[in-house]
Amino acid sequence: MTRVGIIGIGFMGWIHWLAYHRLSDVRVTAISETIPKRLAGDWRDIKGNFGPPGEQVDLTGIGAYANLDDLLRDSNVDLVDITLPTAFHADIAIRALEAGKHVLCEKPMALQLADCERMVAAAKKANRLLMVGHVLPFFPEYHWALQVIRGGEYGKLLGGEFRRVISDPTWLTKYWLPEHIGGPMLDLHIHDAHFIRLLFGLPQEVTTTGRQRNNLPEFWHTQFRFADRDLAVAATSGTINQQGRPFDHAFEIHLEKATLMFQFAVIGGEGRYLCPPTLLDSSGNAQHADIPGGDPTDAFVNELREVTNCVRDGRPSDTLGAVLAQDAMRICAAQTASLQSGKPVTLNT
Ligand SMILES: NC(=O)c1ccc[n+]([C@@H]2O[C@H](COP(=O)([O-])OP(=O)(O)OC[C@H]3O[C@@H](n4cnc5c(N)ncnc54)[C@H](O)[C@@H]3O)[C@@H](O)[C@H]2O)c1
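Residues numbered from 1 in each chain as written. Predicted model: local features only at pLDDT ≥ 70, side-chain atom pairs only at ≥ 80, totals over all residues.

### Considerations on the overall build of the chain
Where we set the bar: Think of it this way: any DSSP run of H or I at least four residues long counts as a helix, any run of E at least two long counts as a strand, and we number them from the N terminus. The globule rule is 2.2 Å times the number of residues to the power 0.38, and the radius of gyration it is compared with is taken over C-alpha atoms. Three exposure classes are used, all based on how many other C-beta atoms lie within 10 Å of a residue's own C-beta (placed from the backbone): buried at 20 or more, exposed at 12 or fewer, and partly exposed between those limits.
For the chain, the helix and strand inventory stands at 9 helices and 15 strands. Over its C-alpha trace the chain gives a radius of gyration of 20 Å, about what one expects of a compact globule, namely 20 Å for 349 residues. The dimensions of the chain, computed from C-alpha atoms along their principal axes, are 60 × 45 × 40 Å. Within the chain, the proportion of its 349 residues that are buried is 42%.

Spelled out as structure tokens, the structure:
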């Protein structure tokens, strides 16, 4: 039985809570939250951009702590799940590791690369697992692409294009503050930076052009250059400073013997595939992937299954490991530096 303590019962805390309850051999044994009514189980005012609205929950038998240090001291907790605002991730993750807990931290790992380095060092010193909630590889379209690529039937990867665009999220009042959320590079594109790192490794150089707002990247295009010069990889991401373009994500991935395509967007208030996940083989046949539909929390169930299995088996995750997440941060930092300097930026690989 893996025993989990969740710190921060907001949108993500609620989604994780729901997901843990769908896993066997896992139990949420503690929560920590500063808002008194949430600490008492009234989660009805929690809302996000997917999943069900919050509910009144029964916390009988669960440690409910106003002070997160009490959760870190709770011997009924093996894994601390940090679903706090990003600015708190680094310090609380380090404190949890020092308290001897395994840690899952929501994405992005932190706001600064130096904080990621501190987190990785703390995990090493404590000899505990540190994972970061990069859920994208567990979304069915991305999971399908990973399976096809890793299956090897269609040859080696040649490259790909990745897209993630949203309207300005005006309801997130701290979105454009570097010390709180850090804008769309860290909040949004980090998902694709992590996926690109997972597929192709760490790029040697990035070239990014685009717009800034409040000294943060707002909307941009990036080309990634790898040691293997034949890899052609690009991404477009960011925020459009208008409403009415709520969400769009897509990829086109090239393999030697197939192309994988997909695009999903919210248009006129309705979410739909502009291109369902499709494999085009070298004879020109189009095969539509059999994608399990429905509940977006399914991806979190699969992500948290991997996390809790890693804790149970004492093994690092090859998808959610902290070093991979730190690399995603390095990629984003290089993209920001390139956009701001108008020059290609080299990563030390
Ligand atoms: N993986 C994804 O797709 C995804 C989606 C949304 C958010 N996120 C990430 O999840 C994290 C949380 O985002 P959110 O939207 O759930 O935020 P949120 O504001 O809805 O929730 C944060 C909660 O933490 C609580 N809190 C703050 N300080 C605390 C403290 N010291 N002790 C205990 N509780 C405290 C707040 O009261 C709030 O309830 C962010 O890092 C964000 O980037 C990830």
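### Topic: the packing of helix 4 (residues 89-98) against helix 5 (residues 113-126)
Put simply, the test is: For helices, the fitted line uses only the C-alpha atoms of the stretch in contact; every axis is such a line through C-alpha atoms, and the angle between N-to-C directions lies from 0 to 180 degrees. Note on angle classes: values under 35 degrees are labelled roughly parallel, values over 145 roughly antiparallel, values of 65 to 115 roughly perpendicular, and the remainder oblique. By definition, residues are in contact whenever their C-beta atoms, placed on the basis of the backbone, come within 7 Å of each other. Gly falls in the polar group here, along with every residue not listed as nonpolar (Ala, Val, Leu, Ile, Met, Phe, Trp, Tyr, Cys, Pro) or charged (Asp, Glu, Lys, Arg).
Closest axis-to-axis distance for the helix 4/helix 5 pair is 9 Å, and the angle between their directions is 5 degrees. One finds that helix 4 runs roughly parallel with respect to helix 5. Only D115, R118, M119, A122, A123 and A126 of helix 5 make contact with helix 4, whose side of the interface consists of A90, A93, I94, L97 and E98. Of the residues assigned to the contact of helix 4 with helix 5, the class counts are 8 nonpolar, no polar and 3 charged.

### Regarding the domain arrangement of the chain
Where interface size is quoted, it is often the accessible area lost as the parts come together. Note the following rule: Domain segmentation is taken from an automatic or database assignment of domains.
On domain assignment, one finds that the chain holds domain 1 (2-134) and domain 2 (137-294 + 328-346). Relative to domain 2, the C-alpha centre of domain 1 lies at a distance of 27 Å. At the interface, 10 residues of domain 1 touch 13 residues of domain 2.

### Overview of the pairing of strand 13 (residues 270-281)
Rule in force here: At least two bridges found by DSSP between two strands is the condition for calling them paired.
As judged from the 9 bridges shared by strand 12 (residues 258-267) and strand 13, these two strands associate in the antiparallel manner. Bridge assignment links F264 to a residue of strand 13, and that residue is Y273. Counted along the chain from strand 12 to the antiparallel partner strand 13, the turn is 2 residues long, and its residue G268 has a positive phi close to 60 degrees. Where strand 13 lies against strand 14 (residues 286-288), 3 bridges are found, and the strand directions are antiparallel. The residue bridging L280 from the neighbouring strand is A286, located in strand 14. Hairpin remark: strand 13 followed by strand 14, antiparallel, with 4 residues in the connecting loop; positive phi at G284, about 90 degrees.

### Some remarks on the pairing of strand 7 (residues 157-167)
Pairing of strand 7 with strand 11 (residues 247-255) involves 8 bridges; the strand directions are antiparallel. Pairing of R164 across the sheet is with H249, part of strand 11. Pairing of strand 7 with strand 10 (residues 232-240), which is carried by 9 bridges, proceeds in the parallel orientation. The residue of strand 10 that forms the bridge with R164 is S237.

### Considerations on the site of the ligand
To keep it simple, the criterion reads: By definition, a residue lies near a molecule or strand provided its backbone-derived C-beta atom is within 6 Å of it.
Taken together, 22 residues lie near the ligand, and G8, G10, F11, M12 and E106 sit nearest. No other element matches helix 1 (residues 11-20), which puts 3 residues into the shell around the ligand. Of the residues contributing to the shell around the ligand, the split by class is 9 nonpolar, 8 polar and 5 charged.

### Looking at the environment of A93
Within the element layout of this structure, A93 appears in helix 4. Not counting the four nearest positions on each side in its chain, A93 is found in contact with I82, V103, C105, M119 and L130.

### Remarks on the packing of helix 1 against helix 8 (residues 297-313)
Selection rule: Handedness of each helix crossing follows the sense of rotation of the near helix against the far helix: counterclockwise by less than a right angle gives left-handed, clockwise gives right-handed.
For the pair helix 1 and helix 8, interaxial distance at closest approach is 9 Å and the crossing angle is 70 degrees. Regarding the angle of helix 1 to helix 8, the classification is roughly perpendicular. Handedness of the crossing formed by helix 1 with helix 8: right-handed. Between helix 1 and helix 8, the residues in contact are I15, H16, L18, A19 and Y20 and T297, F300, V301 and L304, respectively. Here the contact of helix 1 with helix 8 is composed, by residue class, of 7 nonpolar, 2 polar and no charged.

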